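# Structural overview for review
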Amino acid sequence: MNAKEENEKTVVAISRSVMSGLSAMGTFLLLGWLLTYSSYGIDFTDESFYLVWIADPFIYDVSATQFGFIYHPLYVLLGGDISALRQANIVLTFGLGWGLAYTLLSSLAPEVREARIALHTTAAGLATSTLILFNTWLPTPSYNSLGFQALLITSIGLLLADKAFTFRSVGGWIIIAIGGWLAFMAKPSTAGALAVVVFLCLLASRKLSARLISFSLATVLGLLLLSALIIDGSLLGFAKRLLLSVDFAHLIGSGHTADQILRIDSFRLRTPSKLAILFVAVVTFFAIRTAQSAKPGPALVSLGLSVFFLSITALLVTGQIHKTAGLGQFEGLLTFGLVLAAVLTALFSEAPAPWRSISAPQWAMAIIFTVMPHIYAFGTNRNYWENGAWVGIFWLLAGLTLLGPVVRARMSWSFVQPLVLATQAVTAILLQTGLEQPQRQPQPLRLNQTTVEIGPERSSLILSSGYASYINDALATVQNGGFRLGTPVIDLSGQSPGILYAIGAKSVGLAWIIGGYPGSLQLARAALDRVPCEEIAKAWVLLEPDGPRRIPTELMASLGSAFPEKYQQIGAWRTAEGAGGYDVSRVQELYQPTAPADTLRVCQTLRQSVTK
């Protein structure tokens, strides 16, 4: 090798090392970005429901999702600190994505003796795409995050499991069982779809073993039985909880019944979205192709494009760009550009017969990765494509699976670094939407400046001035009215689990008595009919007279309560503009019972007449 060739080789090696360093930098930037904003903002509806449910899940005996029980120990461990809880959720999701990406990379080309640090850097960079889950800025642990984490865990298990009775294989089967159990605890519909797809995947991969699958099923059943005993004291009680949740879903009419979730959704991309996907695909593909060259010229071009990708990430993370992509409802499908780039790389590879050298287990995993986003979305009342795009890492990993033969031919993963950096740029673009347009919040998170302590543990959050005033006014009112932490409150606003959590109230009946649906009144009545009359009698009432999702006050009469005659209004406050997703501020009123003994007597009489 002459001096020129040696210099060229050095330039190529340096460019690849620099790209790896850029990838690590992008990972730290994205993680730091989200962890920093974990103390910013709050949604008074969905996210507050998550907090109420996690804070004390054992006080409710009906629930379709059990994420509250799974995350409750974490809530207790962190002392109810909302910011820390969000950070834990972000790190856990990213960590599982990192573990899955590393396991996949290792399995696709086990003969490639890449430096472990380099492989971990690549895997971590790809794992940043798990953060897309937070692009609506609902970072508090929920059934969404638990379902995603369950699918990541299950996928790791599928990659490790085999017919052989080895330590690695048995560990994989146990991990599959844990993932399946967590999926059920997050959302039974997702668990059911996952079970079918996992079985087909194992069958197609020729990994089925009667002994190991029996062991895995026994593990799942054992975990479910243990959960039932901890949650309800018996399997029968747990089954009753689930059956009642099905009845409640029929009552409210929110689109979660079996005939409504079994559907095929479509998506329509706007022209800007199509152009953005095409741009990402073409530029990323070109960057990967030039990274494959052993010549310094193409290698430097690839390095330049990698710097371009990192620059996008850095400019967004450091707040130099405040605009959002504005790609519409299905902007999460921007991930398709990355997938297309990976597929094109495989198609135009110099590797001999790349498609034929992909093994049956690898094809099976590529297929299961392709359908995972729909498994995740299965059962939601949102569009499945829109919802599934939050876990677009699975589509990315499906495309990456096709690169296995290319990696084995080149004996290195280094050429995919531009894809990693493009993934980080796409992730930053999608996260920018959540931070600039957080769900049901009035302004970008960066504009929040007021610190407020909320909840029974007085957790600090940085909110908009309007949201801060809303909470502070409510806190001042209840403190002056003699309200104590843990006081039961019947929420007739239909949309304020957040304000109940903020003042430290106990939400009676359900973690969120949700309004605005055809059967909201029937659901509220069914839930509160299960609450002991003693608690109904001493419960305060939150009312939003002109609220768009209010529960009719006629509900109180069916509980045995004369409202408002036997209640005293202790105060009122105005909601913040933007709270609940409504621009107009509304008045909320809080009432204290003045004749709990009368309410108790009438309530018991009504209950006795029903049972006769």
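Structure shown above.
Okay, so let's go over this structure. (Residues numbered from 1 in each chain as written. Predicted model: local features only at pLDDT ≥ 70, side-chain atom pairs only at ≥ 80, totals over all residues. Heavy atoms only, no water.)

## Describing the pattern of salt bridges
If you walk through the whole model with that rule in mind, you get ten salt bridges. Of the charged contacts, one joins Asp 46 and Arg 440 as a salt bridge, the two residues approaching to 2.5 Å between their closest N and O atoms. On the criterion of sequence distance, the pair formed by Asp 46 in helix α2 (residues 46–55) and Arg 440 in the loop between α19 (417–436) and β1 (450–454) is long-range, its members being 394 residues apart. Here Arg 382 ties to Glu 386 by a salt bridge, and the two come within 2.9 Å at their closest N and O atoms. Exposure remark for Arg 382: the relative accessible area of 27% places this residue in the partly exposed category. Note on Glu 386: relative accessible area 18%, which makes it buried. Three or more residues joined by partner-sharing salt bridges are found here, namely Lys 566, Asp 598 and Arg 601. (Salt bridge = Lys/Arg side-chain N within 4 Å of Asp/Glu carboxyl O. Helix = DSSP H or I, 4+ residues; strand = E, 2+ residues; numbered from the N terminus. Buried < 20%, exposed > 50% of the residue type's maximum accessible area, 1.4 Å probe, protein only.)

## Thoughts on helix α20 (residues 465–480)
Compared with an ideal rise of 1.5 Å per residue, which puts 16 residues at 22 Å, α20 spans 22 Å between its outermost C-alpha atoms and is within 8% of the ideal. For α20, the complete set of buried residues consists of Tyr 467, Ala 468, Tyr 470, Ile 471, Ala 474, Leu 475, Thr 477 and Val 478. Considering only its buried residues, α20 is in contact with β1, β2 (459–463), α21 (497–503), β6 (567–574) and β7 (587–593). Two residues or fewer past α20, Gly 482 is found with a positive phi of approximately 80 degrees. (Expected span 1.5 Å × (residues − 1). Contact = heavy atoms within 4.5 Å.)

## So, a nonpolar patch on the surface
On the surface, Val 196, Phe 199, Leu 200 and Leu 203 cluster together into a nonpolar patch covering about 370 Å² of accessible area. Mapped onto the secondary structure, Val 196 falls in helix α8 (residues 188–204). (Patch = residues over 30% accessible without salt bridge, like charges linked within 9 Å, V, L, I, M, F, W, Y side chains within 5 Å. Areas by Shrake-Rupley, 256 points an atom, 1.4 Å probe, with all protein chains shown as cover.)

## A few points about the pairing of strand β3 (residues 488–491)
The alternating pattern of β3 places Pro 488 and Ile 490 on one face and Val 489 and Asp 491 on the opposite face, and all of these are buried. One ladder, built from two bridges, connects β3 with strand β4 (residues 506–507); its direction is parallel. Its bridge partner being in β4, Pro 488 is matched across the sheet by Lys 506. For β3 and strand β5 (residues 540–543), the ladder comprises three bridges, and the chain directions are parallel. Along β5, the bridge assignment pairs Ile 490 with Val 541. (Pairing = 2+ DSSP bridges.)

## Quick look at the packing of aromatic side chains
The full count for this structure, using the stated rule, is 29 aromatic pairs. Ring geometry for Tyr 50 versus Tyr 143: centroids 6.1 Å apart, planes at 85 degrees, classification edge-to-face. One end of the pair, Tyr 50, is in helix α2; the other, Tyr 143, is in helix α6 (residues 143–160), with 93 residues separating them in the sequence. Classification of Tyr 50 as buried rests on a relative accessible area of 2%. (Phe/Tyr/Trp six-rings, centres within 6.5 Å; stacked < 30°, edge-to-face > 60°.)

## A short note on the state of the cysteines
Here the structure, examined in full by the defined rule, presents one disulfide. Two residues, Cys 533 and Cys 603, share a disulfide whose sulfurs are 2.1 Å apart. With the S-S bond torsion at -75 degrees, the cross-link from Cys 533 to Cys 603 turns out left-handed. Of this pair, Cys 533 sits in helix α23 (residues 533–538) while Cys 603 sits in helix α25 (residues 596–611); the two residues are 70 residues apart in sequence, bridging distant segments of the chain. (Disulfide = S-S within 2.5 Å.)

## Observations regarding the packing of α6 against helix α15 (residues 360–377)
For the pair α6 and α15, the least separation of the axes is 11 Å and the interaxial angle reads 165 degrees. With respect to α15, the axis of α6 lies roughly antiparallel. The handedness of the crossing between α6 and α15 is right-handed. Contacts between α6 and α15 involve Asn 144, Gly 147, Phe 148, Leu 151, Ser 155, Leu 158 and Leu 159 on the former and, on the latter, Met 365, Ile 368, Phe 369, Met 372, Ile 375 and Tyr 376. (Axes fitted to C-alpha atoms, helices over the stretch in contact; angles between N-to-C directions. Parallel < 35°, antiparallel > 145°, perpendicular 65-115°, else oblique. Left-handed = near helix turned anticlockwise from the far one by under 90°.)

## As for the environment of Gln 292
Here Gln 292 shows up in the loop between α12 (271–291) and α13 (296–317). Overall, the relative accessible area of 6% leaves Gln 292 in the buried class. With residues near it in sequence (within four places) discarded, Gln 292 still touches Arg 16, Thr 345, Val 406, Arg 410 and Phe 415.

## Re the environment of Ile 264
With respect to the helices and strands, the residue Ile 264 is situated in the loop between α11 (258–261) and α12. Residue classification places Ile 264 among the exposed positions, given a relative accessible area of 84%. Remark: the alpha-carbon pair of Ile 264 and Ala 409, spanning 145 residues in sequence, is separated by 39 Å.

## So, the sheet that holds β6
Pairing is mixed in the open sheet, where five strands are placed in the order β4-β3-β5-β7-β6. A single partner strand is all that each edge strand has here, and the edge strands are β4 and β6.

## A short note on helix α10 (residues 235–252)
When the terminal C-alpha atoms of α10 are compared, their 26 Å separation across 18 residues agrees well with the 26 Å that a helix rising 1.5 Å per residue should span. Along α10, the residues classified as buried are Phe 238, Arg 241, Leu 242, Leu 244, Ser 245, Phe 248, Ala 249 and Ile 252. Along the axis of α10, the buried positions cluster into a sector of 160 degrees, meaning they face one direction only. Among the exposed residues of α10, those pointing more than 90 degrees away from its buried face are Leu 235, Leu 236, Leu 243 and His 250. (Arc of directions from axis to C-beta.)

## So, unusual backbone geometry
For the bond running from Phe 563 to Pro 564, omega is 10 degrees, close enough to zero to count as cis. By the secondary structure assignment, Pro 564 is in the loop between α24 (554–558) and β6. In this model, Trp 137 sits at a positive phi of 55 degrees, which is unusual for a non-glycine residue. The topology assignment puts Trp 137 in the loop between α5 (116–127) and α6. Residue Arg 206 is not a glycine yet carries a positive backbone phi of 60 degrees. With relative accessibility at 61%, the residue Arg 206 sits in the exposed group.

## Considerations on the pairing of β1
Alignment of β1 against β2, held across five bridges, turns out to be antiparallel. Looking at β2, one finds that Ile 454 is bridged to Ser 459. Remark: four residues form the turn of the hairpin made by β1 and β2, two consecutive strands paired antiparallel; Gly 455 in that turn has positive phi of roughly 80 degrees.

## Overview of the environment of Arg 263
Within the element layout of this structure, Arg 263 appears in the loop between α11 and α12. Since its relative accessible area comes to 25%, Arg 263 is described here as partly exposed. For the pair formed by Arg 263 and Val 11, sequence separation is 252 residues and the distance between their alpha carbons is 54 Å. Those residues in contact with Arg 263 that lie beyond four places of it in its chain are Thr 380, Asn 381, Arg 382, Asn 383 and Tyr 384.

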